[in-house]
Every structure is written in C-alpha cells, then in structure tokens.
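Below, each chain spelled out in residue letters.
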Amino acid sequence: MSKQTELVGLARTTNLDEVNAAYSAGALSNRNLIINGAMQVAQRGTSVSSTFSNYLVDRFTTSTTMTTYTYSQSTDAPSGFSNSSKVEVTTAEVAAASDFMSFVYNLEGQDLQRLAKGTASAESVTVSFWVKSNVTGTYILEFDDNDNSRNINKSYTVDVSGDWEYKTITFEGDTSGVFDNDNQLSGLLRWFWDAGTNFTTGTLATSWEATNNVNRATGITGTFGDTIGNYFQITGVQLEVGDTATPFEHRSYGQELALCQRYYERHNATATGVRMAAGNANGANSLTTIFPFLTPKRATPTLSYNNIVARQGGSNTTISSANVIGKSDAGLTADLLTATTIVTGGGYHIRASSSSSYIELDSEL
Amino acid sequence: MNNMNITAAQYVTDMDGNNTAIQATIDGIEMSVPLDPANRHYAEILKQVAAGTLTIQEAT
C-alpha cells in the first residue's frame, strides 16, 4: 500500500467516525422540523393589516386578541438569510387581562413522533432563531402539546433595540402525553410578545405541566402592543431533537415551497384570460370543477377565489359561489354555481377575468 | 387561542339536498369550507357555534 493510499484511508476513517458521531447525535439532514424557517415563501403576499390572527409568510401565523398590526415579509435579515417575518403595531393598545399577542408555528402529530413524547425515552428539543425588536426586555417561548393540553415555557431576552440577536432554547423531553400520530395539530411553538394578567400572574412553566394559563407568560416584560411602531422580526427558526442548536439547515426555495404547499397553495393568474381549471356542467347552474393540486394536501382544503369566470364558446358566465365536494391526492372537486343558466353537460374552463385573479386552497393547521 | 373573524356561515347542499360544505365569510373573504374536522376553518366554525357566537344558516 502506498503512503498516499494509507493517508487517504486514514482520512476516510476519520471522516466516517465524525459522520457516525453526528449521526448518533441526530439526523444529518432533515434535522429542522420547521418548514420555511428562513421565511422565504410567502404565497399569500408580502403584507397584510389586521386585527385578527393571520397567516402571511407560509406556515407562520399571528395569534392575537389585541391591537391592529401589519404583518409583512421583510427583506431585512441577518447575514446568511434574505427574509424575515415582521409584525408592527399600527394601533396602540395596552393588553387587557385576557389579551395576548403572539406568533405561532403549528406542527402535525405525525411529524413529531421522533420526539418520543409521553415515553421514558422522551427527547429534548432545541429551538433556535434570530430576533430583532425595538422593545427590549424578557419574552416567552412556549412549546405547547395540543393533544394533551400540556406546555413548557422558557424566557429569553431582547437585549438590544434594533439589532439581530440569535437565541437558543432547549425544552426537556416530556414523559407524559403522547403526540397523536396523525395529520392534525399536535404541537405549537408560540412566541408571546405581549400578554395580560390572565397569562402572567403564576409561575412560569419551565417544566412540562398541564396547561394553566397564569403560568404561560409569567415574567414577560415587553409590552409590545402599547405603542405604535413597535415591531418584532424573526427568522432562521429551527426546531431539532437534542439539547444543542446546530447551524440552520437551509433548503432550496423549491424544496421549501413544495413543503409549504402541503398546507396552502395559491394559483395566481398574472394575466386576464389565463385558464385555471376545467369543469363540466352537471346542471343548469352548476359546474363540477377540478382544481389540480401542485402537492397533495394535508386535509380537504378551504376554497376561495377572486375574479374567475366560467367560459364556453367565447362567452363568460359569472361564478356566484362554490361548494367544495371533496379531494383526492390529485385535486379538489367543487361545484361552482353560476349566476345565469348554462348548457347542462357542456364542458367549461375556469378563466381569469383580471390579472389579479387567484385561486386559494387552504389546508393549514 | 385562535381569533378568526367569521361574519357569515351557511350550509350548501348537493343535488340530493345533503349538506356538503359551508359558505362562509372569514376575515372578509368568501370561502367554501369543507365539512372536514381536520380543516381549520371548519373546526373554528364548530368552536364558535359551540360557544354560541356563530350560527350556521340552513341552505336556501
């Protein structure tokens, strides 16, 4: 054996040892249980103003009972990232006792089975993220078990106003309460940004416990909602098994988009006249229509649309409402009801009547 | 801990008269909501009905 071969062989052995060690500590890929943690995908648009809870950046929703705010996909991000989610207060409101403002990521039970929750082998998990805010102080991150009404909560601080800060929080494993192994909501990560006394007058639940609201945000000092212009930005969110935060696991935009589309997809027309679906008249005012999926959906989606018409033989017919019938892995079937009589048995296509036409299929958690 | 603004909800039926979906206005947008318990809009509609804050109108 030549010297060179021996050295190559040694190097390979060393690398395999490192790989094995890393593998023992957790998966080398697909470590991050969060989809779109870099906030790149925003199918719904780049800004929304609301007083209610809203998804905007895919997979991340506000969850709030107070104030008016703008939720946007921002291009301000720490080095290595191109986007963040930003929530900014537009109407000041001091939190009443039952109020809260938070930012949430929802997880399916079948994606959490690796945590072995509710068993003697329950795993710790570590959340890492970048945060930026003009409101310094102490805030709370909660890991919530929706199946068993249990939660664990840890505090972190925003130390500097207007600068990106990297945070890591480890939640210990829970030997009680198994996550359901299904396609429904089991786990939530909730960043509390403001909370009334109904959530702050107990002792922070730094160990897993049965949900008791007064223990969920105790110690929070930031009063995010009380001043116009207060903002919170977040990106680089990673949730992984173990007690160590590893570097953020970047995926391509295409990978993230496909993962997001299990939960939501939006078909934008971009031009008048674009064909968006096809159907057949099953009655004098009803079109059975197939809306193809780009990705199979988690559950039967809610259907909404804007500026679409049914067209046959050069004539447009107005759609007055829709009636979801059901889904397959390939698409959603719905009866579209027309405002005027159509030719029963005739084939139609669904067409954009403006450049802003869209079809939304929403299976979010 | 959700807060969805549902301002209208009405069943829609198939040709046999069976309820197949709910036509709802949620956050100002008209939507067709399937009767699937795993659908978040349907789950929220049921929650608000149970709380007495929403009534689903029968199909016309």
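Everything quoted here is computed from the prediction, not taken from an experiment. (Residues numbered from 1 in each chain as written. Chains lettered and ligands numbered in written order. Predicted model: local features only at pLDDT ≥ 70, side-chain atom pairs only at ≥ 80, totals over all residues. Heavy atoms only, no water.)

As a further point, take the domain arrangement of chain A. Residue and element names in this part refer to chain A. Looking at chain A, the domain boundaries give domain 1 (34–261) and domain 2 (264–362). The C-alpha-based centres of domain 1 and domain 2 are spaced at 35 Å. Facing 9 residues of domain 1, the contacting portion of domain 2 comprises 8 residues. Regarding the contact of domain 1 and domain 2, the summed buried area is about 780 Å², with carbon and sulfur atoms giving 37% of it. Taken together, the links from domain 1 to domain 2 amount to 0 salt bridges. The interface formed by domain 1 and domain 2 contains 6 residue pairs in polar contact (both at pLDDT 80 or more). (Domains from an automatic or database assignment. Contact = heavy atoms within 4.5 Å. Buried area = accessible area lost by both parts, 1.4 Å probe. Salt bridge = Lys/Arg side-chain N within 4 Å of Asp/Glu carboxyl O. Polar contact = N/O pair within 3.5 Å; in protein donor to acceptor, adjacent residues only side chain to side chain.)

What follows is about the sheet that holds strand E10 (residues 185–195) of chain A. Residues and elements named next belong to chain A. If you trace the 6 strands from one edge of the open sheet to the other, you get E2-E5-E10-E7-E8-E11, paired in antiparallel fashion. Of all the strands in the sheet, just strand E2 (60–64) and strand E11 (209–210) have a single pairing partner and so form its edges. In the sheet, strand E5 (residues 100–108) pairs with E10 via 9 bridges, with the strands oriented antiparallel. Across the sheet, residue Tyr-105 finds its bridge partner in E10, namely Leu-189. (Pairing = 2+ DSSP bridges. Helix = DSSP H or I, 4+ residues; strand = E, 2+ residues; numbered from the N terminus.)

Within a regular beta strand, the side chains point alternately toward one face of the sheet and then the other, so they alternate between its two faces. All names here are of chain A. Where strand E14 (residues 275–283) meets strand E20 (residues 347–352), 5 bridges bridge the pair, whose relative direction is antiparallel. Considered in E20, the bridge of Arg-275 is made with Arg-351. The pairing of strand E17 (residues 308–312) with E20 spans 4 bridges and is antiparallel. Across the sheet, residue Ala-310 finds its bridge partner in E20, namely Ile-350.

In this section: the interface of chain A and chain B. Facing the 31 residues of chain A at the interface are 25 residues of chain B. Buried surface at the junction of chain A and chain B, summed over both partners, amounts to about 2,100 Å²; 49% is from carbon and sulfur atoms. Summed over the three residues of chain A that lose the most area to chain B, namely Phe-52, Thr-302 and Asn-323 of chain A, the buried surface amounts to 26% of that side. Linking Asp-362 of chain A and Arg-40 of chain B is a salt bridge whose minimum nitrogen-to-oxygen distance equals 2.7 Å. On inspection of chain A and its partner chain B, the count reaches 11 residue pairs in polar contact (both at pLDDT 80 or more).

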